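# Observations on the three-dimensional arrangement
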Amino acid sequence: MPIHYRCRCGNEVVLRPREGVYLLVGVLVGLTLLNTALLLFVWGKIETPPKMSQLAAEPAASDPGASHAEDPSISPVEIAPQPVADPNPDVIEPAPNPKPKSQAVDRLEPPPPALPHVAGIRLPPPPELDAALLRLLLDETEIGTLDRTLVLLAACRWGEEVAPRAADLLRVEAPGLFEAVTPGEPDDPDLILRRSAHGGDRGELAALEQVWGNRWREVIRRAGSDPRLGWATALASAGGGGPVDLVLLVDLSESMGAEVDAARVALQEMLPVILRARPSWRCGWIGYRDEVVDRTPLTADLRVLLESLDRWRCEAGADVPEALDEGLFEAFRVGGFPWRPGARHRFVVLGDAPPPYERIAGMIELARAAHESPERYEIHCLGILRELELETIPGFQELASVTKGTCRFVREGTGTSSIWWGLLAGADAPSWDDAPAKD
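Before going further, it helps to spend a moment on unusual backbone geometry. Backbone geometry at Arg376 places phi at a positive 55°, although glycine is not the residue there. Tracing the sequence through the fold places Arg376 in the loop between helix H13 (360–372) and strand E10 (378–385). Taking relative accessible area as the criterion, Arg376 reaches 46% and is therefore assigned partly exposed. Although it is not a glycine, Lys404 sits at a positive phi angle of roughly 60°.

This part is about the packing of helix H4 (residues 131–140) against helix H5 (residues 146–158). A pair of packed helices can be characterised by two numbers: the angle between their axes and the separation between those axes. Close contact between H4 and H5 brings their axes to 10 Å; oriented N to C, the two are set at 140°. Overall, the two elements H4 and H5 adopt an arrangement that is oblique. H5 is crossed by H4, and the crossing has left-handed handedness. When H4 is examined against H5, the residues Ala131, Leu134, Leu137 and Leu138 are found in contact with a partner set consisting of Arg148, Val151, Leu152, Ala154, Ala155 and Trp158.

This brings us to the packing of H4 against helix H10 (residues 257–277). Where H4 contacts H10, the axes come no closer than 8 Å and their chain directions differ by 140°. Comparing their axes, H10 and H4 come out oblique. The two elements H4 and H10 cross, and the hand of that crossing is right-handed. Facing Ala132, Leu133, Arg135, Leu136 and Glu140 of H4, the residues of H10 in contact are Pro272, Leu275 and Arg276.

Along any regular strand the residues' side chains alternate between the sheet's two faces. Of all 8 residues making up strand E6 (residues 244–251), 8 are buried, and the element is well covered by its neighbours. Judged by which residues are buried, E6 turns out to be covered on both faces: Val244, Leu246, Leu248 and Val250 on one side and Asp245, Val247, Leu249 and Asp251 on the other are all buried. Alignment of E6 against strand E7 (residues 281–288), held across 8 bridges, turns out to be parallel. Residue Asp251 lies in a different strand from E7, and its bridge partner there is Tyr288. You can see the chain leave E6, run along H10 and come back into E7, and the turn it takes is right-handed. As defined by bridge partners, E6 adjoins strand E9 (residues 344–351) across 7 bridges and the pair is classed as parallel. Residue pairing for E9: Val250 is matched across the bridge by Leu350.

What follows concerns the pattern of salt bridges. One pass over the full model with this rule turns up 25 salt bridges. Between Arg148 and Glu173 there is a salt bridge; the shortest N-O distance is 2.9 Å. Of this pair, Arg148 sits in helix H5 while Glu173 sits in helix H6 (residues 163–173), and the two are 25 residues apart along the sequence. A relative accessible area of 2% places Arg148 in the buried class. You can call Glu173 partly exposed: its relative accessible area is 30%. When the shortest N-O distance is used, the salt bridge between Glu218 and Arg222 registers 3.5 Å. Of this pair, Glu218 and Arg222 both sit in helix H8 (residues 202–224), 4 residues apart, roughly one helical turn. Given a relative accessible area of 30%, Glu218 falls into the partly exposed group. What you see here is one network of salt bridges that share partners, running through Asp147, Arg215, Glu218, Arg221 and Arg222.

Mapped onto the secondary structure, His380 falls in strand E10. Separated by 2.9 Å, the side chains of His380 and Thr406 make a polar contact. Contact partners of His380, with chain neighbours within four places excluded, come to Arg346, Phe347, Val348, Val349, Gly405, Thr406 and Leu423.

Moving on, we get to the packing of aromatic side chains. Taken as a whole and judged by the stated rule, the model has 9 aromatic pairs. Relative to Tyr377, the ring of Phe332 lies with its centre 4.9 Å away and its plane at 80°, an arrangement referred to as edge-to-face. Of this pair, Phe332 sits in helix H12 (residues 324–332) while Tyr377 sits in the loop between H13 and E10; the two residues are 45 residues apart in sequence, bridging distant segments of the chain. Given the relative accessible area of 22%, Phe332 is considered partly exposed. Tyr377 gets classed as buried once you look at its relative accessible area, which sits at 9%. Among the aromatic residues, those joined into a cluster by ring pairs are Phe332, Trp339, Phe347 and Tyr377.

Next up on the list: the pairing of E10. The buried fraction of E10 is high, at 8 of 8 residues. Here E10 shows a buried face lined by Glu378, His380, Leu382 and Ile384 and a second buried face lined by Ile379, Cys381, Gly383 and Leu385. In this structure, E9 lies alongside E10, joined through 6 bridges in parallel fashion. Residue pairing for E10: Gly351 is matched across the bridge by Gly383. Chirality of the crossover, the property in question, places the unit of E9, H13 and E10 among those that are right-handed.

With that out of the way, let us pick up the environment of Arg344. Topologically, Arg344 is positioned in strand E9. What makes Arg344 partly exposed here is its relative accessible area of 47%. When the C-alpha atoms of Arg344 and Tyr377 are compared, they prove to be 7.4 Å apart, with 33 residues separating the residues in sequence. Those residues in contact with Arg344 that sit more than four places away from it in its chain are Pro243, Val244, Asp245 and Glu378.

What counts, and at which threshold
Residues numbered from 1 in each chain as written. Predicted model: local features only at pLDDT ≥ 70, side-chain atom pairs only at ≥ 80, totals over all residues. Heavy atoms only, no water. Helix = DSSP H or I, 4+ residues; strand = E, 2+ residues; numbered from the N terminus. Buried < 20%, exposed > 50% of the residue type's maximum accessible area, 1.4 Å probe, protein only. Axes fitted to C-alpha atoms, helices over the stretch in contact; angles between N-to-C directions. Parallel < 35°, antiparallel > 145°, perpendicular 65-115°, else oblique. Left-handed = near helix turned anticlockwise from the far one by under 90°. Contact = heavy atoms within 4.5 Å. Pairing = 2+ DSSP bridges. Right-handed = clockwise from strand over helix to strand, strands pointing away. Salt bridge = Lys/Arg side-chain N within 4 Å of Asp/Glu carboxyl O. Polar contact = N/O pair within 3.5 Å; in protein donor to acceptor, adjacent residues only side chain to side chain. Phe/Tyr/Trp six-rings, centres within 6.5 Å; stacked < 30°, edge-to-face > 60°.

Structure follows, in structure tokens:
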């Protein structure tokens, strides 16, 4: 709808909607141009600071150090700032006491990096300490105690075969001390510990140095009263050197409860002695019922072995045949047990029942082939007789015979400690009843 507008002159002006839009747009464009012009005017009045590159390229004439900028013989740190003239000469202030040039240089130049302060101590070998005793202590000292720390450090330096294992344990249990262990010269008998100031406090090393001798005397005194030390000494003096891989085949069926408990007690007492006297030996075991139910691979880690004995649980397997043949096959299976070339390979069987009768012949042939192989496997058997009329267990005597091993049968309820000692330590071991620890 057109808009009618009457001006002062009396004429009437008619504005149509399209013309009104053009007028509004024109007004907005005019305001925008005016605003832009004002902004450019204000921006031109702002003083732009000089660029840093211009200042560096054109030093001011009043700069007292400008005349020396091109002289390479003068160090920038030797250019002392010049005093500025006081605009009010009537006020007299005392002249500042300039510092010597050497102090000014120390103030302006950053100090050189400080060398790390090294804290070092030397620990002598404990008296009456040998590698065999270290092996026993390494497996029995309580984790987290001071004695444990002493044993780990000593085993790293004087532990011979167990030194790599002791180093791994020290890395986990006391990483700070592990980093401080420093290899010494071949003819240096001491254990050397060094640590930089950034690695820890010297107070820890100093405290260790103070208690080393007295604490070790107490540790060795306690170890000397352990009866197992006498057994190990007697066994070590009996000879029988050379590496041995020993695997126990244990029947874990329900009927074997009492005999397995007795075997566990014997092993807990005898394995520390054997592995201490003969460090090149390794031991493992396979448990079976109607099938193989558990296993621990060959290892010389006494702690692992003793902890694994807690898994011996006698249950189920109430029927007569048990899977002794499957346990034997498991030990021979490729990758089952890492037998060492050149080691003596031995089995000890504990059970009260044969495998299914139709599988006995195959088990005997497997054992014969194992014995005739270059590894020369041998099998020793301890059979438990449950009935008075029984004199043997089918397959046990044959296993021992074809592998040049031994076989013993005992009635249930008979003590087996001395038998276990002979089976574990070997025929060259002194009698268990005659061991010094029994005195």
